[in-house]
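Summary of structural features
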Amino acid sequence: MSLSPGDDVAGRLVGDERPPPDVVIETDADRLARAVAQALVARLAAAQVVHGTASVVLTGGGIGTAVLEHVARLAAEPVRETVDWAAVDVWWGDERFVPADDDERNEKVARQALLDAVGADPARVHPMPPSDGDFAEPEDAAAWYADQLATATGDDGQVPRFDVLLLGIGPEGHVASIFPDSAAVRDERPVVAVRDCPKPPPTRISLGLAAINAAEEVWLVVSGEGKALAVAEALSGADPVDLPAAGVRGVRATRWLLDRAAAGGLPPR
Ligand SMILES: O=C(O)[C@H](O)[C@@H](O)[C@H](O)[C@H](O)COP(=O)(O)O
């Protein structure tokens, strides 16, 4: 049997022929968030049919939170494609290293927007540590989270199956807490500590690009004209060191999910 790049052998793609990014454009931010929520529910439900469980990696930020709020609304509609949220593993792409009850915590925002409403299994919700928890230093917290990921993998991998990994991007092209020309963008470890982050709060924990790119599907959800240049540069082959969003590529899919304003720098379709 001859194999060619992109063939699926025992669940792993031969070579590193990953599908190119695809782009979906919605008219405005609210339609985008709703469309992403509907797609996310469908994708997680499908993963549960195949695997019995599903896994999602959440992001912080405005549009990422708006997606979660729409997912919660969908979950409240009785006749919908349902996700068994007690069988969904929830991870984070990044987190602010602040006290657990700080409003800046992505975990706190996600619990308020979605997780508390859908009955997620606490044993399957995996927050990154806060600054007032077991670890005084973000480097120790990052190492612990990497161990959590490795333990959940069940084989010799570094991260478990991520069915969908959600990302926002910044105007300069950051994803998670990985900023241009930073130590994090060059760090090959699965989880890194970030100090002096240009986006406050300054101290964070983040998946590294290697862990992000281990996801089955990576969805970059982007709204607003302030991101249009970063989107255009990322999709036209920028150097990931200069623009980390350009270095994002899921194993089976990379989806750029944009509103018209964020797509404003792309060539006409
Ligand atoms: O913790 C964070 O701040 C986020 O993970 C960050 O990566 C965010 O997704 C982008 O900065 C986009 O944020 P907005 O959608 O609010 O612009």
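In the annotation of an unreviewed UniProt entry, the protein chain is listed under the name 6-phosphogluconolactonase and assigned to Blastococcus goldschmidtiae. The record held by UniProt for the protein chain lists under Catalytic activity (unreviewed entry) the comment "6-phospho-D-glucono-1,5-lactone + H2O = 6-phospho-D-gluconate + H(+)". Its UniProt record gives the protein chain a comment under Sequence similarities (unreviewed entry), which states: "Belongs to the glucosamine/galactosamine-6-phosphate isomerase family. 6-phosphogluconolactonase subfamily."

Right, let's get into the packing of helix α1 (residues 29–51) against helix α2 (residues 62–76). One can describe the packing of α1 onto α2 by two numbers: an axis separation of 8 Å at closest approach and a directional angle of 60°. On the basis of their axis angle, the class for α1 and α2 is oblique. In this structure, α1 crosses over α2, and the sense of that crossing is right-handed. Residue-level contacts link A29, D30, L32, A33, R34, V36, A37, Q38, L40 and V41 of α1 to I63, A66, V67, H70, V71 and L74 of α2. Along the lines of polarity and charge, the residues of the contact of α1 with α2 split into 12 nonpolar, 2 polar and 2 charged.

Let us look at the site of the ligand. Near the ligand, the surroundings consist of 15 residues, among which G62, D94, H174, A176 and K227 are the closest. Between the ligand and the protein, one listed contact pairs an oxygen atom with a side-chain N or O atom of R96 at 2.8 Å. Within the complex, 87% of the 420 Å² of free accessible area of the ligand lies under protein. Elements represented by at least two residues in the shell around the ligand include exactly α2 and β6 (94–96). When grouped by side-chain class, the residues that make up the shell around the ligand number 3 nonpolar, 7 polar and 5 charged.

Criteria and thresholds
Throughout, residues of each chain are indexed from 1 in the direction in which the sequence is written. Reporting of local features is limited, given that this is a predicted model, to residues whose pLDDT is at least 70; pairs of side-chain atoms are given and counted only at 80 or more, and all residues count toward the totals for whole chains, interfaces and linings. Calculation of side-chain values draws on the structure's entire complement of heavy atoms; hydrogens and water are dropped beforehand. UniProt positions are given in the numbering used here, feature names are shortened, and annotations may be inferred rather than shown by experiment. Fitting a line to C-alpha atoms yields each axis, with helices limited to the stretch in contact; the angle taken between N-to-C directions then spans 0 to 180 degrees. Under the scheme used here, helices are H or I runs from DSSP no shorter than 4 residues and strands are E runs no shorter than 2 residues, and both carry numbers assigned from the N terminus. Roughly parallel refers to an angle under 35 degrees, roughly antiparallel to one over 145, roughly perpendicular to one between 65 and 115, and oblique to any angle outside these ranges. The hand of a helix crossing depends on one turn: near helix anticlockwise from the far one by less than a right angle means left-handed, and clockwise means right-handed. We call two residues in contact whenever any of their non-hydrogen atoms come within 4.5 Å of each other. Gly is placed with the polar residues, together with every amino acid not listed as nonpolar (Ala, Val, Leu, Ile, Met, Phe, Trp, Tyr, Cys and Pro) or charged (Asp, Glu, Lys and Arg). The cutoff for a nearby residue is simple: one of its non-hydrogen atoms must lie within 4 Å of the molecule or strand. What qualifies as a polar contact is a pair of N or O atoms within 3.5 Å, subject to a donor-acceptor requirement within protein and to the restriction that residues adjacent in sequence count only when both atoms come from side chains. Here, Shrake-Rupley sampling with a 1.4 Å probe gives the accessible areas, and only protein chains in the shown set may cover a residue.

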